[in-house]
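Each chain, written out:
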There are 2 protein chains.
Amino acid sequence: MSLPHAILTALLERPSAGLDLTRRFDRSIGYFWSASHQQIYRELGKLEAEGFIRALPAAQPTRGQKKSYEVLPAGRAELERWTAAAQDPKPHRDTLLLRLRAAAVVGTEGLEADLRRHLDLHRRQLAEYEDIEKRDFPPGNDSAQARLQHLVLRAGIELETFWTQWLTEALEEFAGLPDS
Amino acid sequence: MSLPHAILTALLERPSAGLDLTRRFDRSIGYFWSASHQQIYRELGKLEAEGFIRALPAAQPTRGQKKSYEVLPAGRAELERWTAAAQDPKPHRDTLLLRLRAAAVVGTEGLEADLRRHLDLHRRQLAEYEDIEKRDFPPGNDSAQARLQHLVLRAGIELETFWTQWLTEALEEFAGLPDS
DNA sequence: GCCGGCATGTAAGGAGTTACATGATTCG
DNA sequence: CGAATCATGTAACTCCTTACATGCCGGC
């Protein structure tokens, strides 16, 4: 039940059409809540039916035509409610850790190459986050909104830092293993 | 496509029946790949139909009776294949970060209490991991299998450490915020 | 005018969750 | 024997993914 709220947040930040939202999910909100355009269109339809958002008047109802949405007061209220509500953390699912555990049983043959690839991907992601930090959060801006957004970005930076360190350590471990 | 491989790994570590597996998923494998008993039974049926596992001979075919499984050579081969295959990391989904981003737009009212609760949950999980580390990985055991398992556990420890630190930082940030 | 890209969708299926159902075993 | 618990399942639903379909729009 989080996708509709992710969309409400994005639309409050700026009214947008479906593909705009999709692109923003690829870049920013999608770093911690990804969504495909199919999901987004379906959810926009639901949110409109529930009275949480509405299409901006400029939009025609034909198919291939751009259709932008804005959040209605009921939608903002729902987002406030959801943000404040207690929620249990969802259990993590991590394929790579699972594969390492499998490797402890069936051997590490072939796994090292993919660990290197993941390490590279995490390094790139970390570099991207650090660029965003330099660009969007120069020292001195301490508005409440900026501080919260920066906090979220720092979580991303620290998580990617963790993964690069851990993968480096894992690869060192592999180097010292009896060959599989 | 990871649940069947999680089950194969667990069954290779020790042949088990459905509920045994469910309990082990609650304690150990489930720390990074959770599954309910319904999922597990469904998947055991599929794996048996595919010839990857078989019921141990002792088992009767009646309903409420215990039925243990073991991995067949084809199952082991499939697990080896899957472990070595290149896989892209799945995008993360984190509700808490999403809520923080929403709070940057609609205000932080009511969120702080749940952050404290999450901090407490992560501290407990961290303590549990550290207990496991003390119990199962005393210094000196450096078999290949133990080193890989320890590596996985350290990932859990470091992730929980990150979350406790980040949440602490977030709560400090909240304390300095203009009240919402 | 048509072709490639933009924009909005539909359909089918997989994976996970929630609620419920049924048979066996154990213990008082 | 009756109730609680163990153990194995079914059914319905939601969410997400993958593949495909359709209409508009600008440039050549």
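Note that this is a predicted model, so its numbers are computed, not measured.

**Digging into the interface of chain A and chain B**
1) Next: Counting from both sides, the interface comprises 69 residues of chain A and, opposite them, 69 residues of chain B.
2) Next: Buried surface at the junction of chain A and chain B, both sides included, amounts to about 6800 Å², of which 64% is carbon and sulfur.
3) Next: There are 10 salt bridges connecting chain A and chain B.
4) Next: Residue B:Glu13 is joined to A:Arg101 by a salt bridge in which the shortest nitrogen-to-oxygen separation is 3.0 Å.
5) Next: Summed over the shared surface of chain A and chain B, the number is 28 residue pairs in polar contact (both at pLDDT 80 or more).
6) Next: Only α1 (3–13), α4 (73–84), α5 (95–106), α6 (111–136) and α7 (144–175) of chain A provide two or more residues apiece to the side of chain A that touches chain B.
7) Next: For the side of chain A that touches chain B, the class distribution of residues is 37 nonpolar, 15 polar and 17 charged.

**Some words on the relation of the copies chain A and chain B**
1) Next: If you rotate chain A by 180° and push it 0.0 Å along the axis, it lands on chain B with an RMSD of 0.0 Å. Here the transformation between the copies is reduced to the relation of a two-fold axis.
2) Next: Comparing interface residues between copies, 100% of those in chain A also sit at the interface in chain B, which points to an isologous, same-surface contact.

**As for the pairing of strand β3 (residues 68–71) of chain B**
All names here are of chain B.
1) Next: Along β3, the buried face is formed by Tyr69 and Val71; none of Ser68 and Glu70, which line the opposite face, is buried.
2) Next: In this structure, strand β2 (residues 53–55) lies alongside β3, joined through 3 bridges in antiparallel fashion. For Ile53, the partnering residue across the bridge sits in β3 and is Val71.

**Remarks on the layout of surface pockets**
1) Next: Approximately 370 Å³ is the volume attributed to the second largest pocket.
2) Next: Forming the boundary of the second largest pocket are 15 residues, of which A:Gln125, A:Glu160, B:Lys90, B:Pro91 and B:His92 lie nearest the centre.
3) Next: Only α2 (18–27) and α6 of chain A provide two or more residues apiece to the lining of the second largest pocket.
4) Next: Looking at which element gives the most residues to the lining of the second largest pocket, the answer is α6(A), with 4 residues.
5) Next: For the lining of the second largest pocket, the class distribution of residues is 7 nonpolar, 5 polar and 3 charged.
6) Next: Summarising the domain contributions, the lining of the second largest pocket has at least three residues from each of domain 1 (3–84) and domain 2 (95–175) of chain A.

**Quick notes on the packing of helix α5 (residues 95–106) of chain B against helix α6 (residues 111–136) of chain B**
Residue and element names in this part refer to chain B.
1) Next: Close contact between α5 and α6 brings their axes to 12 Å; oriented N to C, the two are set at 160°. Between α5 and α6, the crossing angle belongs to the class labelled roughly antiparallel. As α5 runs across α6, the sense of the crossing is left-handed. On the side of α5, the interface is formed by Leu96, Arg99, Leu100 and Ala103, while α6 contributes Leu111, Asp114, Leu115 and His118.
2) Next: Taken together, the residues of the contact of α5 with α6 break down into 5 nonpolar, 1 polar and 2 charged.

**Examining the protein's contact with DNA strand C**
1) Next: Contacts to DNA strand C come from 24 residues, most closely from A:Leu19, A:Arg23, A:Tyr41, B:Met1 and B:Gln38.
2) Next: For DNA strand C, the backbone portion of the atoms within 4 Å of the protein, that is sugar and phosphate, comes to 60%.
3) Next: Between DNA strand C and the protein, one listed contact pairs a phosphate oxygen with a side-chain N or O atom of A:Arg23 at 2.4 Å.
4) Next: Within the side chain of B:Gln38, an N or O atom sits 2.6 Å from a base nitrogen of DNA strand C.
5) Next: For the surface near DNA strand C, the secondary-structure elements that each account for two or more residues are α2 and α3 (37–49) of chain A together with α3 (37–49) of chain B.
6) Next: Sort the elements by how many residues they give to the surface near DNA strand C and α3(B) lands first, with 4 residues.
7) Next: Across the surface near DNA strand C, the residue classes break down as 6 nonpolar, 10 polar and 8 charged.

**What about the side chain of A:Glu173?**
1) Next: Along the chain, A:Glu173 falls in helix α7.
2) Next: With residues near it in sequence (within four places) discarded, A:Glu173 still touches B:Arg147, B:Leu151 and B:Arg154.

**Describing the protein's contact with DNA strand D**
1) Next: As a matter of local geometry, DNA strand D sits amid 24 residues, with A:Gln38, B:Leu19, B:Arg23, B:Tyr41 and B:Lys67 nearest to it.
2) Next: Restricting attention to atoms of DNA strand D within 4 Å of the protein, one finds that 56% of them are sugar or phosphate atoms.
3) Next: Note that a phosphate oxygen of DNA strand D is positioned 3.3 Å from one of the backbone N or O atoms of B:Gly18.
4) Next: Within the backbone of B:Lys67, one N or O atom sits 2.9 Å away from a phosphate oxygen of DNA strand D.
5) Next: No other element matches α3(A), which puts 4 residues into the surface near DNA strand D.
6) Next: When its residues are assigned to classes, the surface near DNA strand D shows 6 nonpolar, 10 polar and 8 charged.

What counts and what doesn't
Residues numbered from 1 in each chain as written. Chains lettered and ligands numbered in written order. Predicted model: local features only at pLDDT ≥ 70, side-chain atom pairs only at ≥ 80, totals over all residues. Heavy atoms only, no water. Contact = heavy atoms within 4.5 Å. Buried area = accessible area lost by both parts, 1.4 Å probe. Salt bridge = Lys/Arg side-chain N within 4 Å of Asp/Glu carboxyl O. Polar contact = N/O pair within 3.5 Å; in protein donor to acceptor, adjacent residues only side chain to side chain. Helix = DSSP H or I, 4+ residues; strand = E, 2+ residues; numbered from the N terminus. Nonpolar A, V, L, I, M, F, W, Y, C, P; charged D, E, K, R; others polar. Least-squares fit on C-alpha atoms with pLDDT ≥ 70 in both. Buried < 20%, exposed > 50% of the residue type's maximum accessible area, 1.4 Å probe, protein only. Pairing = 2+ DSSP bridges. 1 Å grid on protein atoms, 1.4 Å probe; cavity = no way out; pocket = protein on both sides within 12 Å on 5 of 7 lines; lining within 4 Å. Points joined across faces, edges and corners; volume = space filled by probe spheres on them. Domains from an automatic or database assignment. Axes fitted to C-alpha atoms, helices over the stretch in contact; angles between N-to-C directions. Parallel < 35°, antiparallel > 145°, perpendicular 65-115°, else oblique. Left-handed = near helix turned anticlockwise from the far one by under 90°. Near = heavy atom within 4 Å.

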